[in-house]
Amino acid sequence: MIDLDRPAQYADVDAEGMLGHILGLPAQLREAWSLVQRCGLPGSHGGADHIVMCGMGGSAIGGDLARSILQGEASVPIAVIRGYDLPHYVGPRTLVLLSSFSGSTEETLSACSAALERGARVVALTTGGVLAERGYAASFPVVQFNFDGKPCEAVGYSLLLCLGVLARLGYVADRTVQVEASAALLEQMGAELGPEAPADENRAKRLAQRLYGHIALIYGGGLMAEVGRRWKGQMNENAKSWAFNEQLPELNHNAILGYQFPADLAPRMRVVMISSGLNHRRLVLREQVTAELVGRWGIETERVEARGDSPLEHVLSATYVGDFVSYYLALINDVDPSDLDVLNGLKARLAHFAHD
C-alpha cells in the first residue's frame with residue numbers, strides 16, 4: 001500500500017500526474033475567469049425567460065454547482081439537463097449553455113441540434129471538437145479553452161465559464177472579487193491538504209484512510225447538495241470506489257429508513273456529511289440528527305465543513321477537499337486515478353452499435 005506521507009511513491013500509481021491538476025485548480029479558476037471576460041457574447045443572448053445548461057459527467061457538474069450558487073439570485077429558472085433531449089419549454093426565449101469538454105459528447109450534441117431547431121440562444125463551452133465546429137458554422141458563441149487533462153479535472157472551467165457567461169449577459173452579478181478570494185483560499189488549502197502535509201495534520205489524507213474498505217454515502221443539502229454529487233463522481237472515477245449521494249432534507253423522508261438491513265453491511269458503510277454555515281439553520285440541525293440516527297445502526301459519520309465567506313468559496317472549498325480525498329483513496333486502493341479504460345470501452349461499444 002502507498003504511504004501517503006511519502007509523495008515520491010505517488011508516481012508509481014498516478015501515471016498521468018493528476019495531483020498536478022488538483023494543485024493547479026487556483027490558477028485554473030483565474031484563467032477561466034479571465035477567458036470568459038475576454039470572449040465575445042452578443043447582447044441578444046440576454047433577457048431570456050429560462051436558462052438551460054446541458055452536459056454530462058465532469059462537463060455537467062459546473063452547471064450543477066453554478067445553479068446551487070445562483071438559486072437565490074437568478075431572476076429566471078435554471079435547469080441542468082443530462083441527456084439527449086430538451087424540455088418542451090425550450091425555444092427562442094431560452095438561453096442554452098452547452099458544456100462538453102471534448103466537444104464530442106453525443107448527448108450534448110443531440111441537445112445542441114434540438115436547441116438550434118427551436119431557435120434557442122446557444123452558447124458552447126468546450127475545448128473544441130464537433131461542438132466548436134457547429135458553433136462556428138452556425139455563428140453561435142463558442143467559449144473555447146485549452147486544458148491538458150480529464151474533464152473532471154477541469155471543474156474550474158466548467159463552473160466559472162457558466163458563471164462568467166451569465167454575469168456577462170446580465171443574468172447575475174459579477175463575481176470577480178469572489179473568484180480571486182476563492183483562488184486564494186484554495187491555494188491555502190492546497191498547502192494544508194497537499195502531499196507534503198503529513199497525515200496526522202492532513203484531513204484529506206485521514207479521511208481517505210478512514211474511507212478505505214468502506215462504501216461512502218455522501219450527504220449534503222442546500223448549497224452543498226451538488227457538491228455531494230461531485231464528491232460521489234470523484235470517488236467513482238478517481239478511486240474506482242463505490243460511493244452514493246443523497247441530499248438533505250429529502251433523505252430524511254426515505255433513505256434514513258433503509259439502513260437497518262442487511263445489518264451486516266453497516267460496518268462497511270461510512271457517511272460523509274458535507275456542511276455549510278451558509279445553509280438554512282434547519283439543514284444544520286438535520287445533519288446533526290441524521291448522524292445520530294445512522295450511528296444507532298453502527299454507521300460512522302465524517303464531517304466536512306465548507307470554508308470562506310461567499311457561496312462560491314463554500315462550494316469550491318468543499319469540492320476541493322473531495323478532490324484530494326478521492327485522489328488519496330485511489331493511491332491507497334492502488335489504482336491509477338486517471339485510468340478510464342472501462343468508460344472508454346463503454347463509449348466504444350456504444351459507437352459500434354451506432355454504426356450497425
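Everything here concerns the structure above.
Residues numbered from 1 in each chain as written. Predicted model: local features only at pLDDT ≥ 70, side-chain atom pairs only at ≥ 80, totals over all residues. Heavy atoms only, no water.

### So, the packing of helix 9 (residues 225-237) against helix 11 (residues 311-333)
Each packed pair of helices is defined by two parameters, the angle between the axes and the distance between the axes.
Step number 1: At their nearest, the axes of helix 9 and helix 11 sit 9 Å apart, and the two run at 15 degrees to each other. With respect to their mutual orientation, helix 9 and helix 11 come out roughly parallel. Our pair here, helix 9 against helix 11, has a crossing hand that is right-handed. Across from Val 227, Arg 230, Trp 231, Gln 234 and Met 235 in helix 9, the residues of helix 11 making contact are Val 315, Ala 318, Thr 319, Val 321, Gly 322, Asp 323, Val 325, Ser 326 and Leu 329. (Axes fitted to C-alpha atoms, helices over the stretch in contact; angles between N-to-C directions. Helix = DSSP H or I, 4+ residues; strand = E, 2+ residues; numbered from the N terminus. Parallel < 35°, antiparallel > 145°, perpendicular 65-115°, else oblique. Left-handed = near helix turned anticlockwise from the far one by under 90°. Contact = heavy atoms within 4.5 Å.)

### Re the sheet that holds strand 7 (residues 243-248)
Step number 1: Pairing within the open sheet is parallel, and its four strands lie in the order 7-6-8-9. Since the sheet does not close on itself, it has two edges, and those belong to strand 7 and strand 9 (300-305), each with one partner. Within the sheet, the average angular offset between the axes of one strand and its neighbour, ignoring direction, is 25 degrees.
Step number 2: Note that strand 8 (residues 269-275) and strand 9 share six bridges and pair parallel. When the bridges of strand 9 are listed, Val 271 appears paired with Thr 301.
Step number 3: The strands touched by helix 10 (residues 281-296) within the sheet are strand 6 (215-221), strand 7, strand 8 and strand 9, with strand 8 carrying the most contacts at an inclination of about 170 degrees. (Pairing = 2+ DSSP bridges.)

### Digging into the side chain of Asp 14
Step number 1: Here Asp 14 lies in the segment before helix 1 (18-23).
Step number 2: Lys 150 provides the closest opposite charge to the buried, unpaired Asp 14, separated from it by 8.6 Å.
Step number 3: Among the polar contacts listed, one links the side chain of Asp 14 to the side chain of Tyr 327, at a separation of 2.8 Å.
Step number 4: What Asp 14 contacts, discounting residues up to four positions off in sequence, is Leu 19, Tyr 327, Leu 331, Asp 336, Pro 337 and Ser 338. (Buried < 20%, exposed > 50% of the residue type's maximum accessible area, 1.4 Å probe, protein only. Lys, Arg positive; Asp, Glu negative; His and termini not counted. Salt bridge = Lys/Arg side-chain N within 4 Å of Asp/Glu carboxyl O. Polar contact = N/O pair within 3.5 Å; in protein donor to acceptor, adjacent residues only side chain to side chain.)

### A few points about helix 6 (residues 155-168)
Step number 1: In this model, helix 6 (14 residues) spans 20 Å end to end at C-alpha, consistent with the 20 Å of a helix rising 1.5 Å per residue.
Step number 2: The element helix 6 is extensively covered by neighbouring structure, given that 13 of its 14 residues are classed as buried.
Step number 3: Of the residues flanking the end of helix 6, it is Gly 170, one or two places downstream, whose phi is positive at about 90 degrees. (Expected span 1.5 Å × (residues − 1).)

### Observations regarding the sheet that holds strand 4 (residues 121-126)
Step number 1: The strand order 2-1-3-4-5 describes an open sheet built from five strands, whose pairing is parallel. Only two strands of the sheet have a single partner each, and these edge strands are strand 2 (78-81) and strand 5 (142-144). With strand direction ignored, the average angle separating the axes of adjacent strands in the sheet is 15 degrees.
Step number 2: Pairing of strand 1 (residues 50-54) with strand 2, which is carried by four bridges, proceeds in the parallel orientation. Among the inter-strand pairings, Cys 54 is bridged to a residue of strand 2, identified as Ile 81.

### Quick notes on unusual backbone geometry
In terms of backbone geometry, most residues other than glycine have negative phi values and most peptide bonds are trans.
Step number 1: The omega angle of the peptide bond from Leu 248 to Pro 249 is 5 degrees, so this bond is cis rather than trans.
Step number 2: Cis geometry marks the peptide bond from Phe 261 to Pro 262; its omega dihedral reads -10 degrees.
Step number 3: The residue Pro 262 is located in the loop between strand 7 and strand 8 in this model.
Step number 4: Phi is positive for Asp 334, close to 60 degrees, though the residue is something other than glycine.
Step number 5: As for its placement among the helices and strands, Asp 334 is situated in the loop between helix 11 and helix 12 (341-354).
Step number 6: Relative accessible area serves as the criterion here: at 57%, Asp 334 is assigned to the exposed category.

### A look at the packing of aromatic side chains
Step number 1: This model, assessed by the stated rule, comprises eleven aromatic pairs.
Step number 2: Consider the rings of Phe 101 and Phe 145, whose centres lie 6.1 Å apart with planes at 65 degrees: the pair is edge-to-face. Separated by 44 residues along the polypeptide, Phe 101 in the loop between strand 3 (94-100) and helix 4 (106-117) and Phe 145 in the loop between strand 5 and helix 6 bring together distant segments of the chain. Each member of the pair, Phe 101 as well as Phe 145, is classed as buried.
Step number 3: When the centroid spacing of 6.5 Å and the interplanar angle of 75 degrees are considered together, the rings of Tyr 259 and Trp 297 count as edge-to-face. Pair noted here: Tyr 259 is in the loop between strand 7 and strand 8 and Trp 297 is in the loop between helix 10 and strand 9, with a separation of 38 residues, a long-range link.
Step number 4: A relative accessible area of 14% means that Tyr 259 is categorised as buried.
Step number 5: What links up through ring pairs into an aromatic cluster is the set Tyr 10, Tyr 320, Phe 324, Tyr 327 and Tyr 328. (Phe/Tyr/Trp six-rings, centres within 6.5 Å; stacked < 30°, edge-to-face > 60°.)

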